[in-house]
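# Chains, contacts and geometry: an overview
What follows is the residue order along each chain.
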Amino acid sequence: MKRIITATVNNVSGVLNRVTGMLARRNYNIESITVGHTENPAISRMTFVLVVDNKKSIEQVIKQLYKQVDVLKVSDITDESIVSRELALVKVFATAQQRGEIAAIINPFRAVILDVGRETMTVQVTGDQQKVEALIDLLHPYGIKELARTGITAFKRGHKTSSGDQKVSLIN
């Protein structure tokens, strides 16, 4: 089963290597990982999509992550209300006659054309994993020359706090 884990860590050299090394030593499959600094440049957020056998395995992953020196907070957000996005760049074979057809296909996905070559087009799509997969499936018949995906990045949605303040989530 797939689980989405977020970890906030100190933004120091070697943290990513230590965390992924620990997961590899314990034979956990990382389907995707995204890392970037947060609103505080001293802190980074890691988002992992892990494939595990059962709930007990994910609890073990969380315990092991907390043992890492620079890990500040770990959460399994799979079953939470979350905002998640993925970005994909897709280079598709396209003749001059097919460009309009491809543009019409990508339009409902709010994807954009980044580059047009003599024989190819490069398309950028962002959204949830299902949206990205759906567009890639529609572009397959044209022939995909190259594909690059970021993997999922996510965090919990905002909610009302007890003081009456609201945290706001932007939804695209």
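Residues numbered from 1 in each chain as written. Predicted model: local features only at pLDDT ≥ 70, side-chain atom pairs only at ≥ 80, totals over all residues. Heavy atoms only, no water.

The strand order across the open sheet formed by 4 strands is 2-3-1-4, and the pairing between neighbours is antiparallel. Sheet topology places strand 2 (29-37) and strand 4 (71-76) at the edges, where each strand pairs with a single neighbour. For this sheet, the mean angle separating the axes of adjacent strands, direction not counted, is 15 degrees. Relative to strand 4, strand 1 (residues 2-10) runs antiparallel, the two sharing 5 bridges. Within strand 4, the position partnered with Thr6 by the bridge is Ser75. In the packing of helix 1 (residues 15-25) onto the sheet, contacts are made with strand 1, strand 2, strand 3 (43-51) and strand 4, and the angle to strand 3 comes to roughly 20 degrees. (Pairing = 2+ DSSP bridges. Helix = DSSP H or I, 4+ residues; strand = E, 2+ residues; numbered from the N terminus. Axes fitted to C-alpha atoms, helices over the stretch in contact; angles between N-to-C directions. Contact = heavy atoms within 4.5 Å.)

Structurally, Phe93 can be placed in strand 5 (residues 82-93). Among the residues examined, Phe93 registers a relative accessible area of 36% and is labelled partly exposed. Along the backbone, Phe93 and Ile105 are 12 residues apart, and their C-alpha atoms lie at a distance of 14 Å. Phe93 has contacts with Gln98, Ile102, Glu119, Thr120, Tyr142, Gly143, Ile144 and Lys145, leaving out every residue within four places of it along the chain. (Buried < 20%, exposed > 50% of the residue type's maximum accessible area, 1.4 Å probe, protein only.)

We now examine the pattern of salt bridges. Inspection of the entire model under this criterion finds 8 salt bridges. A salt bridge links Asp79 to Arg3; the shortest N-O distance between them is 3.1 Å. With a gap of 76 residues between them, Asp79 in the loop between strand 4 and strand 5 and Arg3 in strand 1 connect regions that are remote in the sequence. Among the charged side chains, a salt-bridge network with shared partners connects Arg3, Lys55, Asp76 and Asp79. (Salt bridge = Lys/Arg side-chain N within 4 Å of Asp/Glu carboxyl O.)

Further remarks concern the side chain of Arg3. The class for Arg3 is buried, based on a relative accessible area of 6%. Polar side-chain contacts of Arg3 include one of 3.1 Å to the side chain of Asp79. (Polar contact = N/O pair within 3.5 Å; in protein donor to acceptor, adjacent residues only side chain to side chain.)

What follows is about the confidence of the model for the protein. Parts of the model with low pLDDT should not have their predicted coordinates read in detail. Of all residues in the protein, 92% have pLDDT values of 70 or greater, and the mean over the chain is 90. In this model, residues 161-172 is a region of pLDDT below 50 whose contacts with residues beyond four sequence positions or in other chains number 14 contacts. (pLDDT = per-residue confidence, 0-100.)

So, about the nonpolar core. Counting residues in hydrophobic clusters, the biggest one holds 18 residues, and the most contacted among them are Val19, Leu23, Phe48 and Leu50. For this core, the secondary structure elements donating two or more residues are strand 1, helix 1, strand 3, helix 2 (55-66) and strand 4. Contact partners of Phe48, with chain neighbours within four places excluded, come to Arg3, Ile4, Ile5, Ala7, Val19, Leu23, Ile30, Ser32 and Ile33. Among the nonpolar cores identified, the runner-up in size contains 16 residues, and Ala111, Val125, Ile136 and Leu139 belong to it. (Core = buried A, V, L, I, M, F, W, Y, C linked by side-chain atoms within 4.5 Å.)

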